[in-house]
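Structural characterization, general
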Amino acid sequence: MMKFHGISGILLAAVLLATTCGQAIYPAAAATPRAESEVAANSTPVPAELVAGCATTTTPQDSGKWLIYHSIITDEQGNILPWYNPENLCDSYDHVIRLVFEWWLNMERNPGEPDIPYYLMHMIWLPPGQYNWRGLGGDQLAMAMSSWRLYYAYSGDARAIADMVLMANHVLDNGLSPATDLWPNIPYPYNVTDLDKLTGDMLYGEHIAQPDKAGSLGYELVYLYKLTGNQRYLQAAVNIADTLANPDLLVAGNETTSPLPFRVNTVTGESNDGMGRMYTTNFTGTLMLWEELIGLQQGNLTAYSNAHELILNWLRTYPVHNNDWGPFFEDGSGLDTITQINAVTLAMYIMEHRDIWGPTWQTDARFALDWPINVLINNNWSQYGLYVINEQTGYMQPGNSHTSRQASMELRYAELTGDTSRVTNSVRQLSWATYMVDFDGKNRYPNDEIWLTDGYGDYVRHFLRSMAAAPGLAPDNQDHLLRTTSVITNIDYQAGRIEYHTFEAQSQEKLKITTFSPLSVTANGIPLPRLYSLAALNTQQGYTLGLPGDLPTVMRIRHDLGTTIVITGDSTPTPTPTPPPLTQNLYIPLIHN
């Protein structure tokens, strides 16, 4: 967002060790982007481990230089380490996401304001007594819902679901355009007049909505329906999807016009330059909303399919070739800025929808990932062995959210393609992003304020996605479900046992289990066979544990006929081998599963 200051394999363990032990794969001084390394010969998108081992096996050094709340800690070669427990990357990342989640749930409120959580009313946190006039961030609640559903699967903390319900109910009760409008039943992004009512846009007033944010919220409402079974969320998602897929409201789009406008007057249907730039590329939430409803056979399926094809073809035709990613944030007109979030979020969509996107997925995802590196790079911390990412061309300031987003998607790209050339920088970017988090969980935007988007909903999810792509970054003394192709509706972590439920009977999960040695996996009480290759897992249900290229603690499960999965074992943890030491500047290519 444009801040308004004036108005207030085990062999691949080498990669992580190079990051943490100072034995750099590339010289630490080379913090500017490097040419891509040769991609492994087998570039088939097969998941493969990137990093292994949480311990940094280094003596942390205090640089004496501060970054927001903490003195910068480095290894002996001067490369950045996290501020919390710098000897253990995984503990640090786990610690900061738990800190910000707790702070979010318990943030102090302003006296005299409506009796609802502060984060339902404001985009920036200020201590009680320092009045903050600014209302809600445009995608603030959808972002938080996105992070909390991942965090629930990771932690089993039911408060995450409760908070998602609270946020969804607030929007549905207090923030939808009237059913009689030309653009009916879509959420408004901002509380224009009353703090507890969403009625319009921050800059352009009442009745102005942002259709891309409606699509993102609709997608999260489908997930919440799957989590809770509450039909209200499904119906609200259908209503949003119907409006966005209305052929009378869509246009074909071209190089300068997007199929849906960035802002629109829901009453009159007006969208013009008087409300800022009408172009954006932030349509991944909308695409996934339609996909989910088609999968559930809910709503106007023909309209969804037609609209999906229109927007997908437009994205394939224009932004992945001209780099015009357009605006995203609510506090600017969008006339003079291009944002990182739109480019990298589309890269994520492409990588997670390779079959839908088509054979150019790798080229197009790389194109989208490269633009922020080429245009928004920030080398202010290059002496610590990394570059970070600025927010947008109209606000060239480094972002905790944007830098960690880039890191998570670079790790995912490496997982899929075998190109590990950016892994070292990505892990250091995550470590850099921890410095924005205070001891109590306040998460401050660098050079700015405590934004409740960048520091919370648009922060936690990037660490969790990083762990899913590289389980070596997940804690070695805890058990976690890191990824699912379904929705985790319930999960219970116990000593020697994990039980979870998925919405779909056919699903695949990826876990890291370190507190016990798994001996059995069942789906609806039926034992699943242990398999010994990804090829086998691609053709039948079963589970793998410690495949070649995976950590010994990584389990992959495929179940086709059951929604209740139980993993049991003994209390003896699976050992995590210590990877061999490296020599300076050693590059080790990826070994695919």
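In this report, the structure presented in the accompanying data block is examined. Since we're looking at a predicted model, the values are computed, not measured. (Residues numbered from 1 in each chain as written. Predicted model: local features only at pLDDT ≥ 70, side-chain atom pairs only at ≥ 80, totals over all residues. Heavy atoms only, no water.)

**Things to note about the overall build of the chain**
The helix and strand tally for the chain stands at 16 helices and 21 strands. The buried share of the chain, reckoned over its 593 residues, is 64%. Just so you have it, the chain exposes about 19800 Å², and 52% of that area is on carbon and sulfur atoms. (Helix = DSSP H or I, 4+ residues; strand = E, 2+ residues; numbered from the N terminus. Buried < 20%, exposed > 50% of the residue type's maximum accessible area, 1.4 Å probe, protein only. Areas by Shrake-Rupley, 256 points an atom, 1.4 Å probe, with all protein chains shown as cover.)

**Re helix 4 (residues 159-174)**
For helix 4, spanning 16 residues, the distance from its first C-alpha to its last is 22 Å, which sits close to the expected 22 Å at 1.5 Å a residue. Where helix 4 is buried, its residues meet helix 2 (89-106), helix 3 (140-155), helix 5 (211-228) and helix 6 (231-244). (Expected span 1.5 Å × (residues − 1). Contact = heavy atoms within 4.5 Å.)

**With respect to the sheet that holds strand 14 (residues 488-494)**
One open sheet accounts for 5 strands, arranged 14-15-21-17-18; its pairing is antiparallel. A single partner strand is all that each edge strand has here, and the edge strands are strand 14 and strand 18 (526-527). Direction of pairing for strand 15 (residues 497-502) relative to strand 21 (residues 564-570): antiparallel, over a ladder of 5 bridges. By the bridge assignment for strand 21, isoleucine 498 is matched with isoleucine 567. (Pairing = 2+ DSSP bridges.)

**What to know about the sheet that holds strand 11 (residues 395-398)**
The 3 strands lie next to each other as 9-10-11, forming an open sheet whose pairing is antiparallel. Of all the strands in the sheet, the pair left with one neighbour each is strand 9 (377-378) and strand 11. Alignment of strand 9 against strand 10 (residues 388-392), held across 2 bridges, turns out to be antiparallel. If you follow asparagine 378 over to strand 10, its bridge partner there is valine 388.

**Regarding the pattern of salt bridges**
Counting across every chain of the model gives 28 salt bridges. A salt bridge links arginine 412 to glutamate 352; the shortest N-O distance between them is 2.6 Å. Of this pair, arginine 412 sits in helix 13 (residues 400-417) while glutamate 352 sits in helix 10 (residues 340-352), placing them 60 residues apart in sequence. What makes arginine 412 buried here is its relative accessible area of 7%. Note on glutamate 352: relative accessible area 39%, which makes it partly exposed. Between arginine 366 and glutamate 410 there is a salt bridge, and its shortest N-O distance comes to 2.9 Å. (Salt bridge = Lys/Arg side-chain N within 4 Å of Asp/Glu carboxyl O.)

**Observations concerning the environment of threonine 280**
Within the secondary structure, threonine 280 is located in the loop between strand 8 (264-265) and helix 7 (284-296). Between the C-alpha atom of threonine 280 and that of aspartate 212, which follows or precedes it by 68 residues, the distance is 8.2 Å. Setting aside chain neighbours within four positions, we find threonine 280 in contact with Asp212, Ser258, Phe262, Trp314, Trp325, Pro327 and Asn342. A distance of 3.3 Å separates a polar side-chain atom of threonine 280 from the backbone nitrogen of asparagine 282. In this structure the side chain of threonine 280 is engaged in a polar contact, spanning 2.8 Å, whose partner is the backbone oxygen of proline 327. (Polar contact = N/O pair within 3.5 Å; in protein donor to acceptor, adjacent residues only side chain to side chain.)

**Some words on the state of the cysteines**
By the definition in use, this model includes 1 disulfide. Paired through a disulfide, cysteine 54 and cysteine 90 show a sulfur-sulfur distance of 2.0 Å. The disulfide joining cysteine 54 to cysteine 90 has a torsion of about -90° about its S-S bond and is therefore left-handed. Pair noted here: cysteine 54 is in the loop between helix 1 (13-20) and strand 1 (61-67) and cysteine 90 is in helix 2, with a separation of 36 residues, a long-range link. Taken individually, cysteine 54 and cysteine 90 each receive the classification buried, so the pair is uniform in this respect. (Disulfide = S-S within 2.5 Å.)

**What about the packing of aromatic side chains?**
As enumerated under the stated definition, the model contains 19 aromatic pairs in all. Residues phenylalanine 101 and tyrosine 151 carry aromatic rings whose centres are separated by 4.6 Å and whose planes lie at 40° to one another, so their mutual orientation is tilted. Placement of the pair is phenylalanine 101 in helix 2 and tyrosine 151 in helix 3, with a sequence separation of 50 residues. Taking relative accessible area as the criterion, tyrosine 151 reaches 2% and is therefore assigned buried. Geometrically, the ring pair formed by tryptophan 104 and tyrosine 119 is stacked, given 4.2 Å between the ring centres and 20° between the ring planes. With tryptophan 104 in helix 2 and tyrosine 119 in the loop between helix 2 and strand 4 (124-125), the pair connects residues that are 15 residues apart, well separated along the chain. According to the relative accessible area criterion, tyrosine 119 is buried, its value standing at 3%. Joined through ring pairs, the aromatic side chains of Phe101, Trp103, Trp104, Tyr119, Trp125, Trp148, Tyr151, Tyr154 and Tyr456 make up one cluster. Over the face of the ring belonging to tyrosine 223 we find arginine 149, whose NZ or CZ atom lies 3.9 Å from the ring centre. Its guanidinium or amino end placed over the ring of tryptophan 361, arginine 354 lies 5.7 Å from that ring's centre, counting from NZ or CZ. (Phe/Tyr/Trp six-rings, centres within 6.5 Å; stacked < 30°, edge-to-face > 60°. Lys NZ or Arg CZ within 6 Å of the ring centre and 35° of its normal.)

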